[in-house]
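Geometric and topological summary
Residues per chain, in single letters:
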Amino acid sequence: MSVQKIVDRCQALYDDLDFTVVKEWKAKEEGRKAIGYMPVYVPREIIHAAGMLPVGVIGGGDQLEVIHGDAYYQSYICRIPRSTIELGVTGRLDCVDGMLFPSICDVIRNLSGMWKLLFKDKYVRYFDAPQTYDDKIGGKFYVQELRELIEGLEELGGKKITEEAIHNSIAVYNENRAVIEDLYAYRSKCPWKALTSEIYLLLFAGMVLPVEEHTQLLRDYLEAVDKEDRPMRDNCRVVLNGTFCERPPLGLIKSIEMAGCYIVDDDFMLVTRWLLEDVPTTGDPVQNLADAFLHHSAETAAKYVDSYEAKGQFIVESVKKYAAEGVVFAAPSFCDPALLDQPMLHTALNDNNIPFTAFQYAENSGQMQPIREQAGTFADSIKLWSA
Amino acid sequence: MSVKEQASTVAEKEDSMWKQKEMINENYELLSTANERGQKVASTFVPGNINELLMCFDFARNFPETNALQNAMRKKSGGMIMEAEKIGHSEDVCTYVKADLGMMMKGNKGPTGLPMPDPDLLMLSYTGCFTFMKWFELVREQYPKCETAMLHVPYQADGNITKNMRDYVVKQLKEDIIPTMERVSGVKFDIDRLREYMIQSQKAEDDLVYVLQSAKNKPSPIDAYFGGVYYIGPIFTAFRGTTAATDYYATLRKEIEARVAAGLGPITPEGVMKEEKYRIVVEGPPNWTHFREFWKMFYDEGAVVVASTYTKVGGVYDNGFRHDPQNPLESLADYCLGCYTNLNLPARTDMLEKYVEDYQADGLLINSIKSCNSFSAGQLLMLREIEQRTGKPAAFIETDLVDPRYFSPANVKNRLESYFQMISQKRDRAA
């Protein structure tokens, strides 16, 4: 399959606000169920092990006209909950049988309660995760949270979720993460070939496709893109940070690229890269998932960092790992976690003499010229003034 | 000379008011000299605070939110917020955080003008508000050597406290928080001391509930929002568990009992309110920068707030919860888990519905706070639900906690007057 064909397919999935692919998957077999989840992380392995389709609900993007959703929120609340409500009240999310709301911020947390009030017939779970990482304390709490999630899905699906099924699902997601890691490594090596605007769409496809199909799609892309002859530009290499929840418009990513920046690391759809190591496929699978969460998971603004020295080091390490020359902060307007976190990340970057620039966006931002100018100036300054 | 003796030209104040003012001033004085006296200082948050436990280790207690609101009432917060924005803090985020950071940047003088101490412990009680977590990470930048203890309190997502939640909080207290406090303070934990403090807490909580529920009377002897924020002051902050707080609430209760007996309305900054025309339930925190002006918009119209959710943000006691000396750590866990913003939206909505009914209110007013997503996200749906369930009119205004730029007096007044007219018309139609 050609790169163009793969990207076109992903673009179609990205543009489809009716979740047609989810409906088609459900229609293939009677009784199939789909579970929606919001950013940043849920253990999709458990949903998969229940025989259900995990569906990432990352708001409505810039193509959704929000009519009802705005009536539920004040002007100073970010965009993602209002477009998510829009998807819900217009029936576009009828195809999901349940929704998971991870503990990322107060807005998403409260949205879980709104969902309970608005969609009384749906399975709704606020997925709490520990902010303390001691196995005997946070770990014990989290294991029980996972078991309660399993029980809830068992009840919804009407069948037991076996340990064996979870092991199998863990293996499937290990494979998916490994290919995504390959994709990121490839982009770092050849950013002029694996464009971030394409990688963004590829990751988005993983929000709605069955994981096995997504893994294959990623492999096909890697194979196809390597054969492409694309011009290498004199761009600078940047890490993009802040986009872990509300989706940035595709135009924003293209604008950053067109302005002379190769994005070599990012925090799009972190659920796909949350666990940093393979989860073991033997032993107690729930304990294994908990261990992975506690000790081998990504850092983002939604997570507590328990020491001053460690704060912000992840982004410094990302710059080093991907040989980036600077950081572009793009945070959604009114995003408490991202915006409160940013000054601390600035400190870490300043301490390491890493240049950065920052701007805000909304999922429906339409005017990209200022962003292009800012990113372009940043790229120029790196090219001209960095040693 | 006492505070009471010093003042001569202020509005009518009862003994409890003077008492509270003295308690607050004394605490700021205590804090200002703590470092030089060698007393250890803990900074912590109001919702889910574990004040009795901190007292077991002789910590002086500093509450950044109350510093921010006290600064706002003294018209100092605006400059502090802008100071924080100058160094890169977004206009979009919580102004409590920015006022706190701005205060440090401007020389770290507290609301009363006394210097604030360097903390020895940042006791991060992560209850009902995600921003707290970022707040203390930011404060930690200013005090890199200061130890931070995290008490993660799970959210009551399904409207109840599960065994897993309680066990998790208790385990953190036993295995992490208490050992950290022992290490930082050098004081050994004594559970009997904790029990003693909790006996005091219970008494104060009983009296507070009496005071808040006195608003079921007609006329209400209290304003449960503008007056209510004073009533919760001691018990939500550094004083819960102290005999000073117990005395304060006993005094306050007596005063309210007398008001009930005399059939009096609430005391406002301009004296006793004469006629109670509207009984309102309020959801959301107040605006602090224009507190008096905001209150006046109510009492000028004869509107009394008979119940509010903000007075439950540091503990929900009117549902029967009390700190329990027999099970001190478990009851601390239940207290933290039960604070208002740690309740899910359906539970918060149920509480408001019950308030409208139990307090025979004319309607619900939501003061939506720009800074506070924990409170604000979802309030418009709550408003609709309450209107549907009770048939009473609801209204919505927007202000901020401590940012004076977000209080628009003409708009707020206009909306409130329209709302009160709507209640009148509805009442006339029903008559």
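Residues numbered from 1 in each chain as written. Chains lettered and ligands numbered in written order. Predicted model: local features only at pLDDT ≥ 70, side-chain atom pairs only at ≥ 80, totals over all residues. Heavy atoms only, no water.

1. With respect to the sheet that holds strand β3 (residues 98-102) of chain A
All names here are of chain A. Spatially, 4 strands are ordered β2-β1-β3-β4 in an open sheet, and the strand pairing comes out parallel. Among the strands making up the open sheet, the edge pair consists of β2 (53-56) and β4 (123-127). Between one strand axis and the next, the sheet turns through 25° on average, direction left out of account. The sheet contact formed by strand β1 (residues 34-37) and β3 spans 3 bridges and is parallel. Note on β3: the bridge partner recorded for I35 is G98. (Pairing = 2+ DSSP bridges. Helix = DSSP H or I, 4+ residues; strand = E, 2+ residues; numbered from the N terminus. Axes fitted to C-alpha atoms, helices over the stretch in contact; angles between N-to-C directions.)

2. Digging into the interface of chain A and chain B
How big an interface is tends to be reported as the loss of accessible area on association of its parts. Contacts between the two partners involve 54 residues from chain A and, on the opposite side, 55 residues from chain B. Of the roughly 4,800 Å² buried between chain A and chain B on both sides combined, carbon and sulfur atoms contribute 60%. The tally of links from chain A across to chain B stands at 3 salt bridges. For E137(B), the salt bridge identified is with K311(A), shortest N-O distance 2.8 Å. There are 28 residue pairs in polar contact (both at pLDDT 80 or more) connecting chain A and chain B. Taken together, the elements giving at least two residues each to the side of chain A that touches chain B come down to α5 (106-118), β4, α6 (135-157) and α13 (336-351) of chain A. (Contact = heavy atoms within 4.5 Å. Buried area = accessible area lost by both parts, 1.4 Å probe. Salt bridge = Lys/Arg side-chain N within 4 Å of Asp/Glu carboxyl O. Polar contact = N/O pair within 3.5 Å; in protein donor to acceptor, adjacent residues only side chain to side chain.)

3. Re the pattern of salt bridges
All names here are of chain A. By the definition in use, this model includes 53 salt bridges over all chains. With its nearest N and O atoms 2.9 Å apart, the salt bridge here joins R9 to E213. A residue pair is termed long-range when its members are at least 10 positions apart, and R9 in helix α1 (residues 3-15) and E213 in helix α9 (residues 211-227) qualify at 204 residues. You can call R9 partly exposed: its relative accessible area is 32%. (Buried < 20%, exposed > 50% of the residue type's maximum accessible area, 1.4 Å probe, protein only.)

4. Here we look at the packing of helix α9 (residues 191-213) of chain B against helix α12 (residues 243-262) of chain B
Residue and element names in this part refer to chain B. At a minimum axis separation of 9 Å, α9 and α12 run at an interaxial angle of 25°. Comparing their axes, α12 and α9 come out roughly parallel. Handedness of the α9/α12 crossing: left-handed. Residues Q200, K203, A204, D206, D207, L208, Y210 and V211 of α9 touch α12, and the partners they reach there are T243, A245, T246, Y249, A250, L252, R253, I256, E257 and V260. Tallied by class, residues from the contact of α9 with α12 come to 10 nonpolar, 3 polar and 5 charged. (Parallel < 35°, antiparallel > 145°, perpendicular 65-115°, else oblique. Left-handed = near helix turned anticlockwise from the far one by under 90°. Nonpolar A, V, L, I, M, F, W, Y, C, P; charged D, E, K, R; others polar.)

5. Here's the deal with the domain arrangement of chain B
Residues and elements named next belong to chain B. Domain annotation of chain B identifies domain 1 (12-192) and domain 2 (194-430). Put simply, the middle of domain 1 and the middle of domain 2, counted by C-alpha atoms, are 23 Å apart. Tallying the contact residues gives 63 residues for domain 1 and 61 residues for domain 2. Buried area between domain 1 and domain 2, summed over both chains or domains, comes out near 5,100 Å², and the portion from carbon and sulfur atoms is 61%. Where domain 1 touches domain 2, the interface holds 5 salt bridges. As a salt-bridge pair, R240 and E52 come within 2.7 Å of each other at their nearest N and O atoms. On the surface where domain 1 and domain 2 come into contact, there are 35 residue pairs in polar contact (both at pLDDT 80 or more). Residue assignment for the side of domain 1 that touches domain 2 shows that the elements contributing at least two residues are α2 (15-37), α3 (51-56), α4 (64-73), α5 (77-86), α6 (95-105), α8 (163-185) and α9. Looking at the side of domain 1 that touches domain 2 residue by residue, the classes come out as 34 nonpolar, 14 polar and 15 charged. (Domains from an automatic or database assignment.)

6. Details of a positive patch on the surface
Together, K21(B), R74(B), K76(B) and R292(B) give the surface a local cluster of positive charge. Within the secondary structure, K21(B) is located in helix α2. (Patch = residues over 30% accessible without salt bridge, like charges linked within 9 Å, V, L, I, M, F, W, Y side chains within 5 Å. Areas by Shrake-Rupley, 256 points an atom, 1.4 Å probe, with all protein chains shown as cover. Lys, Arg positive; Asp, Glu negative; His and termini not counted. Charge placed at Lys NZ, Arg CZ, Asp CG, Glu CD.)

7. With respect to empty space enclosed by the protein
All names here are of chain A. Throughout the structure, instances matching the rule amount to 10 cavities of 30 Å³ or more. Computed from the structure, the largest cavity encloses a volume of approximately 150 Å³. Forming the boundary of the largest cavity are 15 residues, of which S103, A129, W274, F293 and A302 lie nearest the centre. Along the lines of polarity and charge, the residues of the lining of the largest cavity split into 11 nonpolar, 3 polar and 1 charged. (1 Å grid on protein atoms, 1.4 Å probe; cavity = no way out; pocket = protein on both sides within 12 Å on 5 of 7 lines; lining within 4 Å. Points joined across faces, edges and corners; volume = space filled by probe spheres on them.)

8. Remarks on the layout of surface pockets
Residue and element names in this part refer to chain A. Here the second largest pocket is characterised by a volume of approximately 910 Å³. Lining the second largest pocket are 45 residues, and of these L276, S297, A298, E299 and F314 sit closest to its centre. Of all the secondary structure elements, the ones that give two or more residues to the lining of the second largest pocket are α7 (163-189), β5 (236-241), α11 (285-295), α12 (313-321) and α13. Per-element tally for the lining of the second largest pocket: the top contributor is α12, with 6 residues.

9. Focus on the packing of aromatic side chains
As enumerated under the stated definition, the model contains 41 aromatic pairs over all chains in all. With centroids separated by 6.0 Å and ring planes inclined at 85°, the aromatic side chains of Y230(B) and F291(B) adopt a geometry described as edge-to-face. With Y230(B) in helix α10 (residues 228-231) and F291(B) in helix α13 (residues 291-299), this pair connects stretches of sequence that are 61 residues apart. The class of F291(B) is buried, set by a relative accessible area of 3%. Judged by centre distance (4.7 Å) and plane angle (85°), the rings of Y248(B) and Y249(B) are edge-to-face. Judged by relative accessible area, which is 0%, Y249(B) ranks as buried. Sitting over the face of the ring of W25(A), R32(A) holds its NZ or CZ atom 4.2 Å from the ring centroid. A cation sits over an aromatic face here: K370(B) above Y406(B), 4.5 Å from the ring centre. (Phe/Tyr/Trp six-rings, centres within 6.5 Å; stacked < 30°, edge-to-face > 60°. Lys NZ or Arg CZ within 6 Å of the ring centre and 35° of its normal.)

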